[in-house]
Amino acid sequence: MEATGGTEELVSGELVSVAHALSLPAESYGNDPDIEMAWAMRAMQHAEIYYKLISSVDPQFLKLTKVDDHIYSEFRENFKNLRIDILDPEELKSESAKEKWRPFCLKFDGIVEDFNYGTLLRLNCSQGYTEENTIFAPRIQFFAIEIARNREGYNKAVYTGIKDKEEKEASNGGDKGANSREEEKGANREGEKEKEAYKEINKSSETTM
């Protein structure tokens with residue numbers, strides 16, 4: 001993953017590292033709960049890095065792969081009317097949807113590294129990675145949808161939301177420290193809840209393409 005400006009090398013390094021951490025496709029894991037959990041935690045780490053990225057950099061300026069233009073062109077040629085701000089799981093996971101997605105995904109075999117490895121994808125792009133808002137998807141599907149969300153301005157809701165929150169905190173003056181401590185406690189509690197949620201997602205998820 002690349003980003004324009006000073007963040008390019010940092011972002012690329014982080015996401016290349018995470019990509020290599022996901023060393024096996026989900027279908028290779030069978031029913032081994034330890035391996036499944038390890039894979040789910042690595043996928044979650046990738047998701048956390050990506051969410052922090054679109055929270056701190058205007059997503060319209062991000063480049064996720066070296067072939068973003070190709071991915072986006074093919075995606076919108078094949079899925080012209082697919083709504084991407086709020087995804088319908090049936091448009092991704094139903095048998096008829098898989099028949100449409102499979103040829104698209106296979107076009108990037110050998111072009112996008114680990115194109116079919118499991119990745120976490122948000123359903124509603126204005127929200128974070130929660131149990132209700134997250135599904136498993138092949139990596140190329142994640143790239144296609146997130147590149148489109150970035151280019152078409154949908155992911156900017158996350159970026160502007162974080163910026164608005166920071167500005168409000170700064171304007172609170174003396175109350176800022178107390179508020180930050182409370183928010184940190186809340187974030188820690190939420191983090192524990194998300195870890196448990198991903199355990200359940202991993203157990204109940206279907207095998208990706």
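Just above sits the structure.
Figured I'd write up the structure that's included with this text. The structure displayed is predicted, hence computed values, not measured ones. (Residues numbered from 1 in each chain as written. Predicted model: local features only at pLDDT ≥ 70, side-chain atom pairs only at ≥ 80, totals over all residues. Heavy atoms only, no water.)

Summing up its helical and strand segments, the chain has eight helices and four strands in all. The order of helices and strands in the chain, counted from the N terminus, is β-α-α-β-α-α-α-β-β-α-α-α. Classification of the 209 residues of the chain by burial places 44% in the buried group. At a minimum sequence separation of 6, the contacts of the chain that also span at least 24 residues come to 71%. (Helix = DSSP H or I, 4+ residues; strand = E, 2+ residues; numbered from the N terminus. Buried < 20%, exposed > 50% of the residue type's maximum accessible area, 1.4 Å probe, protein only. Contact = heavy atoms within 4.5 Å.)

Within the largest apolar cluster, 40 residues are counted, with the highest numbers of intra-cluster contacts made by Ile71, Phe75, Trp101, Phe104, Leu121, Ile140 and Ile145. Looking at this core, the elements that each hand over two or more residues are α2 (33-56), α3 (68-78), α5 (95-106), β3 (118-122), β4 (134-138) and α6 (139-151). Sorting elements by how many residues they give to this core places α2 first, with eight residues. Ignoring sequence-local partners within four residues, the contact set of isoleucine 71 consists of Thr65, Phe104, Phe108, Val112, Ile140, Phe143, Ala144 and Ile147. (Core = buried A, V, L, I, M, F, W, Y, C linked by side-chain atoms within 4.5 Å.)

A separate point is the pairing of β3. Regular strands have side chains that alternate between both faces of the sheet. Across the five residues that make up β3, a large majority, five, are buried. Taking every second residue as pointing to the same face, both faces of β3 are buried, with Gly118, Leu120 and Arg122 on one and Thr119 and Leu121 on the other. Here β3 runs beside β4; their pairing, made up of five bridges, is antiparallel. Note on β4: the bridge partner recorded for arginine 122 is threonine 134. (Pairing = 2+ DSSP bridges.)

Locating threonine 119 in the fold gives a position in strand β3. At 3.4 Å, the side chain of threonine 119 forms a polar contact with the backbone oxygen of tyrosine 117. Apart from residues no more than four positions distant in its own chain, threonine 119 is found in contact with Trp39, His46, Ile135, Phe136, Ala137, Pro138, Arg139 and Phe142. (Polar contact = N/O pair within 3.5 Å; in protein donor to acceptor, adjacent residues only side chain to side chain.)

Tallied over the full model, the rule gives ten aromatic pairs. When the centroid spacing of 5.2 Å and the interplanar angle of 75° are considered together, the rings of tyrosine 50 and phenylalanine 142 count as edge-to-face. In this pair, tyrosine 50 is assigned in helix α2 and phenylalanine 142 in helix α6, connecting sequence segments 92 residues apart. Each member of the pair, tyrosine 50 together with phenylalanine 142, is buried. What links up through ring pairs into an aromatic cluster is the set Phe75, Phe79, Trp101, Phe104 and Phe108. (Phe/Tyr/Trp six-rings, centres within 6.5 Å; stacked < 30°, edge-to-face > 60°.)

Attention now moves to the pattern of salt bridges. Under the defined criterion, the tally for this structure stands at nine salt bridges. We note a salt bridge from glutamate 99 to arginine 102, for which the minimum N-O separation is 3.0 Å. Taken together, the positions of glutamate 99 and arginine 102, both in helix α5 and three residues apart, correspond to about one turn of that helix. Under the relative-accessibility criterion, arginine 102 is labelled partly exposed at 33%. (Salt bridge = Lys/Arg side-chain N within 4 Å of Asp/Glu carboxyl O.)

Quick look at the environment of tyrosine 117 now. Position of tyrosine 117 relative to the elements: it lies in the loop between α5 and β3. Among the residues examined, tyrosine 117 registers a relative accessible area of 17% and is labelled buried. For the pair formed by tyrosine 117 and proline 138, sequence separation is 21 residues and the distance between their alpha carbons is 5.3 Å.

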